[in-house]
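What follows is the residue order along each chain.
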Amino acid sequence: MATQKPQRTPEEIEDIILRKIFLVSLKENPENSSTSDPRVVYLEMTAAEILSEGKSLLLSRDLMERVLIDRLSGEFPNSETPFNYLIGCYKRAHEEIKKISNMKDKTLRSEMESAAKQAKKLAVSYVRINLGNPELFSSGNLRDSNPKPRSSMSSNSPLLPLVFVEVSSGVMLDGFGGNELGSGVDCPPGFLEEFFKDSDFDTLDPILKGLYEDLRGTVLKVSALGNFQQPLRALLYLVNFPVGAKSLVNHPWWIPKGVYLNGRVIEMTSILGPFFHVSALPDHTIFKSQPDIGQQCFSDASNRRAADLLSSFTTIKAVMNNLYDGLVEVLLCLLKNTETRECVLEYLAEVINKNASRAHIQVDHISCASSGMFVNLSAVMLRLCEPFLDANLTKRDKIDPNYVFHSNRLDLRGLTALYATSEEVAEWINKDKQVKTDESRPPADGENRLLQSPEATSSGSTLNVKSTTSGGEKAKYPFICECFFMTARVLNLGLLKAFSDFKHLVQDISRCEDTLATLKAMRGQTPSPQLELDISRFEKEIELYSQEKFCYEAQILRDGALIQHALSFYRLMVVWLVGLVGGFKMPLPSTCPMEFASMPEHFVEDAMELLIFASRIPKALDGVLLDDFMNFIIMFMASPQFIKNPYLRAKMVEVLNCWMPRRSGSSATSTLFEGHQLSLEYLVRNLLKLYVDIEFTGSHTQFYDKFNIRHNIAELLEYLWQVPSHRNTWKQIAKEEEKGVYLNFLNFLINDSIYLLDESLNKILELKELEAEMSNTAEWERRPAQERQERTRLFHSQENIIRIDMKLANEDVSMLAFTSEQITAPFLLPEMVERVASMLNYFLLQLVGPQRKSLTLKDPEKYEFRPKELLKQIVRIYVHLARGDSENIFPAAISSDGRSYNDQLFSAAADVLRRIGEGGRIIQDFIELGSKAKAAASEAMDTEAVLGDIPDEFLDPIQYTLMKDPVILPSSRITVDRPVIQRHLLSDGTDPFSRSHLTVEMLIPNTELKARIEEYIKSQELKRHGEGLNMQSSKGTIQPTSGDMLID
């Protein structure tokens, strides 16, 4: 019968467990030494000390820490580093606890569990001591072989791989990079949580600061295709511990300080900066991240399969959204913590303020943070705004306009305002401060309690109070208010700046492609080694530009959610701004409230730019509520007393232009024009007003700018004319404003038509000369290569100018044609009729006159030059006005034009019209008008003969024609004919002689002179009649029409 093994005492069991955990022995030859772990070390000196104290050599809780210190301090061969040894202790203690749980004796189980847990706690405590003081246990072989100072930028915290393992366990990270950080390391369950939870801040702070520096280093110069996700998860893991959050915002690199601090320094050296730098967007070569996304995903894109490009787009969009989500979680974690919230807002404000120059046209990429950082920050801020971007915008009352003037956090006061000058804003703020100082009083107890009561919001508690600035106290604003204005600034410097960069990139590609096409065309004519080098250089440039373009498309254009979040934010912006002027109602207040007038101009400009950009991305506007944007545009686009910048108001028209149903490709936008009350009542009126206002923008380029702006207005007006309700409004405006805005509109429309057509026709003559030069091959080849290149570039430049000017001229003539059919009265006013007639005569002369042959082009359609259609429209305008001419003044106005009128032009034009298929009635009415004009010319000559030599005092000093309604100019006291000065005032509101301000109402009728003129006319007529004179007129003829006309 086998002998029973002696029962072990609890002390012996505890000794066994603790020896296994700490890998130590107090006996030189312990039992079962043949099977013992080779890592177990014999603590001879410790054992001797214990014996000398009269204690047994059994390891117990009382001896645990003493044994651990001796184990860490001693010199033992082939030992682990202190950190790895302590982690092993924790892991072995964890495994022993699992075994202990199977013990049947409850008392024993409880005792042993307590001992093992104490061992775990001790291991954690000494890990903290070791990481905080790595040199403490450096006398023996347990020391790190190559300790480095904490300030080293290399990853030297042995804790970091454990954090990576912890955040990656059981998680499959999307995208690239995998889970390689921390691979091969085992983190004991529960270790990190115990490590970070149960300790004081001072102990953990240096350890955490080191971890944050190491994390920052792991993502420095990492692109969207690199492994940023493990470090980001690790960062989030650490800030979820209160001690981790506190340590992060107290790190010296949370907001770097220094004399040379700028936007780029914050991006590259702050703890969060490199996380925000992770991007797919191109950056300056010095700061370029790896792997290179343009090269890896989009090189030689024209030869890649569409499916491959789509896969790259999808991947980049997915990993960037992972980045946004992770960064939002980090910031939310810090914002919800009352101890760290203020530090987050300060960090964001510092990033914004130090990168204010990103708004400049030319950005210094060395001193400013990257586009990638600011686009990422845009996406993150929009996510933080989500809780107050609900459909009804219920929390907009939390946004305090005083933040712009009184916040000490964001520097908003230096920005261009919507209407007020910086001096006006400063004066208004000072008055406001004075009023607040006068009204200040100590708050009652109830008010004190209100100021101290936090109001919960999506991102933690905020103070729902109005700003207070009296007595030097720092103004307090709700988080919603802070977040709103910070987001507006970030979007201006980030997402909207990226839109602008993308637009310029596309333009650069287009210019390079045009130049490349020109160079390749020259290859056949003048081949040279330099030409081949130039071609190769442009091909490489286009390849690099194309890669950058695809990167922008991947991160921004393909991210529909990002665009829609931004649209939701700017919807809140316009609704909030309208609230400052009393809400969505017309007419606007008589004076602009200073709160509105002082708001940064870019708030509105960014909203318009976003709408334009989104309108050009398929389906980007699907589901977006556009009514509030439409209301805003209609209210302010023709209100220079609210929004001073004419280019900003012109941008609103560009938005509407994008929304026209035929352009947007969406029927949803048609309701904005055709079923929208404010639109039906004010849209046409305000477009006509803006058409007039844009004549004078104050810019040195105003003359050319107005054509582009009016092009957008003209397209809109043409569309609206086809909508019956808008056409009726238009006719009503023409009737009500016959002498006001509508007359000004017609005047500028005619001015533009004349200039554009004249410019186009002259440029055609220049183009034909260049064509002739280039077609003479022998002579052309003898010219120097540089001269040939310059002339070729000039040729292509002239082509573009003709194409643009002709397109605009066609639009203007078309508008004159369709409006004159139903609105004739303004055209026939005394101050307008002669100008209209001169314009039509000039166009007719160009199209069917003697010089028509010189305007023939090989491919007129290429230049938007459609002479047949142009002639039809000119003739229709003649006929429309003749039909509405109840007083029969139009024929006389036609014939009085001494520059372009010739009666044979009418018969020549009629012949052409028959050949190109114009309607018979139009031709008949046109011929009749020509006959009337001829008769009026004959009558005018008779009258001229009757009047003889007219005294100078009866002649208008501007046009030298007999005055019919003389008026005195109040400033210069010179007398002019009323129609002449009224026509002048349509384009220039000054006295032509003194340049003083002048309006029609200021003209003084010269009744005495008028009576003398009338008396003179009567006397001359009686005199002639008495003499029985019979005057006959004769006039030279022009070249008869022939088969080889311009319009064939």
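Keep in mind the model is a prediction, meaning the values are calculated, not measured. Numbering of residues starts from 1 in every chain and runs along the sequence as written. Given that the model is predicted, a residue must reach a pLDDT of at least 70 before its local features are reported, and side-chain atom pairs must reach 80 or more before they are shown or counted; all residues, however, enter totals for whole chains, interfaces and linings. For side-chain calculations, the full set of non-hydrogen atoms in the structure is used, while hydrogens and water are omitted.

1. Side note on the overall build of the protein chain
The cut-off we apply is this: Strands are runs of DSSP state E lasting at least 2 residues, helices are runs of H or I lasting at least 4, and numbering of each runs from the N terminus. By definition, residues are in contact when any of their heavy atoms lie within 4.5 Å. Exposure was quantified through the Shrake-Rupley algorithm and a 1.4 Å probe, taking into account, for residues, occlusion by the shown protein chains and nothing else.
Within the protein chain one finds 42 helices and seven strands. Across the protein chain, every contact between residues at least 6 apart in sequence was considered, and the portion connecting residues at least 24 apart equals 76%. Roughly 48300 Å² of accessible area belongs to the protein chain as shown, and the carbon and sulfur atoms make up 51% of that amount.

2. Focus on the packing of helix α26 (residues 627-636) against helix α27 (residues 646-659)
For the record, the criterion: Geometry is summarised by axes, namely lines fitted to C-alpha atoms with helices restricted to the contacting stretch, and by angles between N-to-C directions that run from 0 to 180 degrees. In these notes the angle categories are as follows: under 35 degrees is roughly parallel, over 145 is roughly antiparallel, 65 to 115 is roughly perpendicular, and the rest is oblique. Handedness of each helix crossing follows the sense of rotation of the near helix against the far helix: counterclockwise by less than a right angle gives left-handed, clockwise gives right-handed. The nonpolar class holds Ala, Val, Leu, Ile, Met, Phe, Trp, Tyr, Cys and Pro. Asp, Glu, Lys and Arg form the charged class, and all remaining residues, Gly among them, are polar.
In contact at an axis separation of 10 Å, α26 and α27 are set at 135 degrees when each is read in the N-to-C sense. Taken together, the axes of α26 and α27 are oblique relative to one another. Two packed elements cross with a definite hand, and for α26 against α27 that hand is left-handed. Of the residues in α27, those in contact with Phe 629, Met 630, Phe 632, Ile 633 and Phe 636 of α26 are Arg 649, Met 652, Val 655, Leu 656 and Trp 659. Here the contact of α26 with α27 is built from residues that sort into nine nonpolar, no polar and one charged.

3. A few points about the pattern of salt bridges
Just so we agree on the cut-off: Whenever a carboxyl oxygen of Asp or Glu lies within 4 Å of a side-chain nitrogen of Lys or Arg, that contact is scored as a salt bridge. Partly exposed residues are those whose accessible area sits between 20% and 50% of the maximum for their type, while under 20% is buried and over 50% is exposed, using a 1.4 Å probe and protein chains only.
The tally for this structure, following the rule as stated, stands at 47 salt bridges. In this structure, Arg 409 and Glu 482 form a salt bridge, with 2.9 Å as the shortest nitrogen-oxygen distance. Here the residue Arg 409 occupies a position in the loop between α17 (403-406) and α18 (422-439), and Glu 482 occupies one in helix α20 (residues 479-493), the gap between them amounting to 73 residues. The same class applies to Arg 409 as to Glu 482, namely buried. One salt bridge in this structure joins Asp 925 and Arg 921, with 3.9 Å as the shortest N-O distance. In this pair, Asp 925 and Arg 921 are both assigned in helix α40 (residues 920-947), four residues apart and thus about one turn of the helix distant. A relative accessible area of 60% means that Arg 921 is categorised as exposed. By sharing partners, the salt bridges in this structure join Glu 49, Glu 53, Lys 55 and Arg 66 into a single network.

4. Quick word on the side chain of Ser 407
Selection criterion: Any pair of N or O atoms that falls within 3.5 Å is considered a polar contact. Within protein, one atom must be able to donate a hydrogen and the other to accept it, and sequence-neighbouring residues count only if both atoms are side-chain atoms.
As for its placement among the helices and strands, Ser 407 is situated in the loop between α17 and α18. Polar contacts involving the side chain of Ser 407 include one to the main-chain amide nitrogen of Arg 409, which spans 3.1 Å. Ser 407 has contacts with Asn 402, Arg 413 and Tyr 477, leaving out every residue within four places of it along the chain.

5. Regarding the packing of aromatic side chains
Short version of the rule: Centres within 6.5 Å make a pair out of two Phe, Tyr or Trp rings, where for Trp the six-membered ring is used; the pair is then stacked when the planes are under 30 degrees apart, edge-to-face when over 60, and tilted otherwise. Charges are assigned to positions over rings by a cutoff of 6 Å between ring centre and Lys NZ or Arg CZ, combined with an angular limit of 35 degrees from the ring normal.
Enumeration according to the criterion identifies 38 aromatic pairs in this entry. Geometrically, the ring pair formed by Phe 502 and Tyr 552 is tilted, given 6.0 Å between the ring centres and 55 degrees between the ring planes. You can see Phe 502 sitting in helix α21 (residues 495-525) and its partner Tyr 552 sitting in helix α22 (residues 529-557), a full 50 residues away along the chain. By the burial criterion, Phe 502 is buried, and Tyr 552 matches it. Each ring, one from Phe 502 and one from Phe 613, has its centre 6.0 Å from the other, and the planes form 80 degrees; the classification is edge-to-face. A residue pair is termed long-range when its members are at least 10 positions apart, and Phe 502 in helix α21 and Phe 613 in helix α25 (residues 602-615) qualify at 111 residues. Summarising the burial analysis for this pair, Phe 502 and Phe 613 share the class buried. Members of the aromatic cluster, connected to one another through ring pairs, are Tyr 403, Tyr 477, Phe 484, Phe 485, Phe 569, Tyr 570, Trp 576 and Phe 603. In this structure, Lys 549 packs its charged tip against the face of Phe 550, placed 5.3 Å from the ring centre. In this arrangement the basic side chain of Lys 644 is found over the ring face of Tyr 419, its NZ or CZ atom lying 5.0 Å from the centre.

6. Some words on the confidence of the model for the protein chain
Note the cut-off: pLDDT measures how confident the predictor is about each residue, on a scale from 0 to 100.
In the predicted model, the protein chain carries a mean pLDDT of 84, and 88% of its residues have values of at least 70. Overall, residues 139-155 carries pLDDT values under 50, and its contacts beyond four positions in sequence, including any with other chains, amount to 37 contacts. Contacts from residues 1029-1048, a stretch scored under 50 in pLDDT, to residues over four places away or in other chains number 43 contacts.

7. Some points on the nonpolar core
Note the following rule: We call a set of buried Ala, Val, Leu, Ile, Met, Phe, Trp, Tyr and Cys residues a nonpolar core when their side-chain atoms join them within 4.5 Å.
Among the nonpolar cores identified, the biggest contains 307 residues, and Phe 22, Phe 636, Trp 659 and Trp 730 are the most heavily contacted of them. Those residues within four positions of Phe 636 in sequence are excluded, and the remaining contacts are Val 578, Val 581, Leu 588, Phe 596, Phe 642, Ile 643, Arg 649 and Met 652. Leu 516, Met 522, Ile 535 and Phe 538 belong to the second largest nonpolar core, which has eight residues in total.

8. Some words on the sheet that holds strand β5 (residues 966-968)
Let me state the cut-off plainly: Any two strands between which DSSP finds at least two bridges are classified as paired.
Taken together, three strands build an open sheet; the order of strands is β6-β5-β7 and the sheet is antiparallel. Here the strands that pair on one side only, and so sit at the sheet edges, are β6 (975-977) and β7 (1004-1005). When β5 meets β7, the two strands line up antiparallel, connected through two bridges. In the strand pairing of β7, Val 967 is matched with Pro 1005. On top of the sheet, helix α41 (residues 978-987) reaches β5, β6 and β7; it is set at about 85 degrees to β6, its chief contact.

9. Re the packing of helix α37 (residues 867-883) against helix α39 (residues 903-915)
In a pair of packed helices, the angle between the axes and the distance between the axes together describe the arrangement. In contact at an axis separation of 11 Å, α37 and α39 are set at 125 degrees when each is read in the N-to-C sense. Overall, the two elements α37 and α39 adopt an arrangement that is oblique. In the crossing of α37 with α39, the sense of the turn from one axis to the other is left-handed. Facing α37, whose interface residues are Leu 871, Lys 872, Val 875 and Tyr 878, α39 presents Phe 906, Ala 909, Val 912 and Leu 913. For the contact of α37 with α39, a count of residues per class yields seven nonpolar, no polar and one charged.

10. Some details on the environment of Thr 1007
Within the secondary structure, Thr 1007 sits in helix α42 (residues 1007-1027). Taking the relative accessible area as the measure of exposure, Thr 1007 reaches 59% and is therefore exposed. The sequence separation of Thr 1007 and Val 967 amounts to 40 residues, and the corresponding C-alpha distance is 8.1 Å.

11. Considerations on helix α36 (residues 830-848)
Given 3.6 residues per helical turn, the α-helix brings residues three or four places apart onto the same face. Just so we agree on the cut-off: In this analysis, the expected span of each helix is defined as 1.5 Å times one less than the number of residues it contains.
Taking 1.5 Å per residue, 19 residues should reach 27 Å; α36 reaches 28 Å between its end C-alpha atoms and fits that length. Burial analysis of α36 places 15 of its 19 residues in the buried class, the great majority of the element.

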